[in-house]
Amino acid sequence: MNSDEILKKIENVLNKAKTEFNQTIDETSLEEIYKNYLGKNSLLNNILHSMSNYEPEIRKKVGMSVNNAKIEIEESYQNLKEKLKVANSKSNNSLKIDLTLPGIKIEQFHQHPITSVLNDTVEFFTSMGFEVVEGPEIETAHYNFDALNIPDNHPARDIWDTFYLKCGLIPRTHTSSVQVRTMEAKKPPLRVIAPGRCYRYESVDATHLFMFNQVEGLFVDKTAKLSDLKGILESTVKHLLGVKKTRFRPAFYPFVEPGLDLDIECVFCHGKGCSVCKSSGWIEVIPCGMVHPRVFEYAGINPSEYKGFAFGMGFDRLVMLKYNVNDLRLLYSGNLDVLNQF
Ligand SMILES: [Zn+2]
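Residues numbered from 1 in each chain as written. Predicted model: local features only at pLDDT ≥ 70, side-chain atom pairs only at ≥ 80, totals over all residues.

Observations regarding the overall build of the protein chain
Turning to step 1, where the next piece is worked out: A count of helices and strands for the protein chain gives 12 helices and 9 strands.
Turning to step 2, where the next piece is worked out: Each of the three principal axes of the protein chain carries a C-alpha extent, and together these read 120 × 50 × 35 Å.
Turning to step 3, where the next piece is worked out: For the protein chain, the proportion of its 342 residues judged to be buried stands at 29%.
Turning to step 4, where the next piece is worked out: Contacts in the protein chain between residues at least 24 apart in sequence constitute 66% of all its contacts with a sequence separation of at least 6. (Helix = DSSP H or I, 4+ residues; strand = E, 2+ residues; numbered from the N terminus. Buried ≥ 20, exposed ≤ 12 C-beta atoms within 10 Å, placed from the backbone. Contact = placed C-beta atoms within 7 Å.)

As structure tokens, then:
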């Protein structure tokens, strides 16, 4: 063999050793491989032993090459040994389970009280043949005001503290904006509810936030009567709050005629008078009324042919009454200590 052939042979031995080390996953076979390549009778040692047959120059070259290969094999062996040691200690630790440790509590999730009452409300109305519709939260002044018989110069616009966007659109102040949109899109008879968020420029306190939930209701057919409205709303508060004692008072809202407010007997003092009901024994819960003929005209429905009624439930307020929550901000706080109580 000439020197090139011997050097090639040494290189092959080195590569083979590295490949075998890389495929090893346990310490026993690692030691086995080490012995094969660096032990007394290893191939590299045999090459060294046969060096006496070669010229001094070749001996020098081959000797250096064998020593370098030995150093590399030794390094690979030490690295791998360290890695296997670490891996083994990790897997041993993972097997150490302390059976006396207390268990980890699994959190049980549930619906937010507003979502839960809203779902109940939707189910209640759909059982009476109502359908759920939606409208945009960012509205035009047309659907939020004009088409609801509240023209630009109408003093009734002062009732709502409205946010105005730079582009002229409005974060809707009530879900009533869905009324005309629905009447334009669907032909009567109609029975719809429109739950959704509304926005008003309110100073935040225990009963007011700048964002709140409302559920709008609209009923349109040829024979709709005030007594139908009365019956539906009375059964609604009975279902949602368990309240039997109610009263209707005349009220003014530009998009209904006549307009009414539904009051319930105060759930806190049962009519005796308290700070929540301002000693009146009654709490106002649902503004409502018969759809104003002008609103029908805006929606392209003939008011002499169709009648209808509408109502807008301040939904957060109903949730507060149902669960006896005295501060609306608690419902939106995200505080689990509060929410877990429901
Ligand atoms: Zn009261």
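Having seen the model, we can carry on.
Things to note about the sheet that holds strand S8 (residues 282-291)
Turning to step 1, where the next piece is worked out: With mixed pairing, the 7 strands of this open sheet are ordered in space as S1-S4-S5-S9-S8-S7-S6. Looking along the sheet, the strands with just one partner apiece sit at the ends: strand S1 (131-132) and strand S6 (246-251).
Turning to step 2, where the next piece is worked out: Against the sheet, helix H5 (residues 113-127) makes contact with S1, strand S4 (190-199) and strand S5 (211-221), and its axis sits at roughly 165° relative to S4, the strand it touches most. (Pairing = 2+ DSSP bridges. Axes fitted to C-alpha atoms, helices over the stretch in contact; angles between N-to-C directions.)

A look at helix H10 (residues 315-323)
Since the α-helix packs 3.6 residues into each turn, any two residues three or four apart lie on the same face.
Turning to step 1, where the next piece is worked out: Burial in H10 covers these residues: Phe315, Asp316, Leu318, Val319, Met320 and Leu321.
Turning to step 2, where the next piece is worked out: Packing partners of the buried residues in H10 comprise H5, S5, helix H8 (226-241), S8, strand S9 (307-314) and helix H11 (328-331).
Turning to step 3, where the next piece is worked out: Remark: asparagine 324 follows H10 within two positions and exhibits a positive phi of approximately 60°.

With respect to the domain arrangement of the protein chain
Turning to step 1, where the next piece is worked out: Each assigned domain of the protein chain is listed with its residue range as follows: domain 1 (3-94) and domain 2 (113-339).
Turning to step 2, where the next piece is worked out: The centre of domain 1, based on its C-alpha atoms, is set 84 Å off from the matching centre of domain 2. (Domains from an automatic or database assignment.)

Points about the packing of H5 against H8
Turning to step 1, where the next piece is worked out: Interhelical geometry of H5 versus H8 gives an angle of 140° and a closest axis separation of 11 Å. When the axis of H5 is compared with that of H8, the two are oblique. Remark: the crossing between H5 and H8 carries right-handed chirality. Residue-level contacts link Val117, Asp120, Thr121 and Phe124 of H5 to Thr236, His239 and Leu240 of H8.
Turning to step 2, where the next piece is worked out: Partitioning the contact of H5 with H8 into residue classes produces 3 nonpolar, 3 polar and 1 charged. (Parallel < 35°, antiparallel > 145°, perpendicular 65-115°, else oblique. Left-handed = near helix turned anticlockwise from the far one by under 90°. Nonpolar A, V, L, I, M, F, W, Y, C, P; charged D, E, K, R; others polar.)

Focus on the environment of isoleucine 283
Turning to step 1, where the next piece is worked out: Relative to the helices and strands, isoleucine 283 is located in strand S8.
Turning to step 2, where the next piece is worked out: Taking the C-alpha atoms as reference points, isoleucine 283 and alanine 185, 98 residues apart in sequence, are found 35 Å from one another.
Turning to step 3, where the next piece is worked out: Contacts of isoleucine 283, omitting those with residues within four sequence positions, involve Asp263, Ile264, Cys266, Cys277 and Leu321.

Topic: the nonpolar core
Side chains that are nonpolar tend, in soluble globular proteins, to be buried together.
Turning to step 1, where the next piece is worked out: Membership of the largest hydrophobic core comes to 54 residues, with the highest contact counts inside it found for Val180, Val220, Cys288, Val291, Val295 and Phe309.
Turning to step 2, where the next piece is worked out: Of the residues forming this core, the biggest block, 6 residues, is contributed by S8. (Core = buried A, V, L, I, M, F, W, Y, C linked by C-beta atoms within 7 Å.)

Concerning the pairing of S4
Turning to step 1, where the next piece is worked out: Most of S4 sits out of view: 7 of its 10 residues are buried.
Turning to step 2, where the next piece is worked out: Judged from the 2 bridges that link them, S1 and S4 form a sheet pairing that is parallel. Considered in S4, the bridge of glutamate 131 is made with valine 192.
Turning to step 3, where the next piece is worked out: Relative to S5, S4 runs antiparallel, the two being bridged by 10 bridges. When the sheet's bridge partners are listed, tyrosine 199 is paired in S5 with methionine 211.

Quick look at the environment of phenylalanine 342
Turning to step 1, where the next piece is worked out: Along the chain, the position of phenylalanine 342 falls in the segment after helix H12 (336-339).
Turning to step 2, where the next piece is worked out: The exposure class of phenylalanine 342 is partly exposed, given the 16 C-beta atoms found within 10 Å.
Turning to step 3, where the next piece is worked out: Sequence separation between phenylalanine 342 and proline 113 is 229 residues, and the spatial gap between their C-alpha atoms is 6.6 Å.
Turning to step 4, where the next piece is worked out: With sequence-adjacent residues up to four places away left out, phenylalanine 342 is seen in contact with Pro113 and Tyr323.

Focus: the environment of glutamate 265
Turning to step 1, where the next piece is worked out: Note on placement: glutamate 265 falls in strand S7 (residues 256-265).
Turning to step 2, where the next piece is worked out: Each C-alpha atom of the pair glutamate 265 and serine 52 lies 114 Å from the other, and the pair is 213 residues apart in sequence.
Turning to step 3, where the next piece is worked out: Discounting residues that sit within four places of it in the chain, glutamate 265 has contacts with Val243, Lys245, His270, Gly271, Gly281 and Trp282.

Digging into unusual backbone geometry
Turning to step 1, where the next piece is worked out: The omega angle of the peptide bond from proline 188 to proline 189 is 5°, so this bond is cis rather than trans.
Turning to step 2, where the next piece is worked out: Relative to the elements of secondary structure, proline 189 occurs in the loop between helix H7 (177-185) and S4.
Turning to step 3, where the next piece is worked out: With an omega of 0°, the peptide bond between glutamate 257 and proline 258 qualifies as cis.
Turning to step 4, where the next piece is worked out: Positive phi, close to 55°, is recorded for lysine 278, a residue that is not glycine.

Remarks on the pairing of S7
Turning to step 1, where the next piece is worked out: Where S6 lies against S7, 6 bridges are found, and the strand directions are antiparallel. The residue bridging phenylalanine 248 from the neighbouring strand is leucine 262, located in S7.
Turning to step 2, where the next piece is worked out: The turn joining S6 and S7, which pair antiparallel and follow one another in sequence, is formed by 4 residues.
Turning to step 3, where the next piece is worked out: Looking at chain direction, S7 and S8 are connected through 8 bridges and run antiparallel. Its bridge partner being in S8, isoleucine 264 is matched across the sheet by isoleucine 283.

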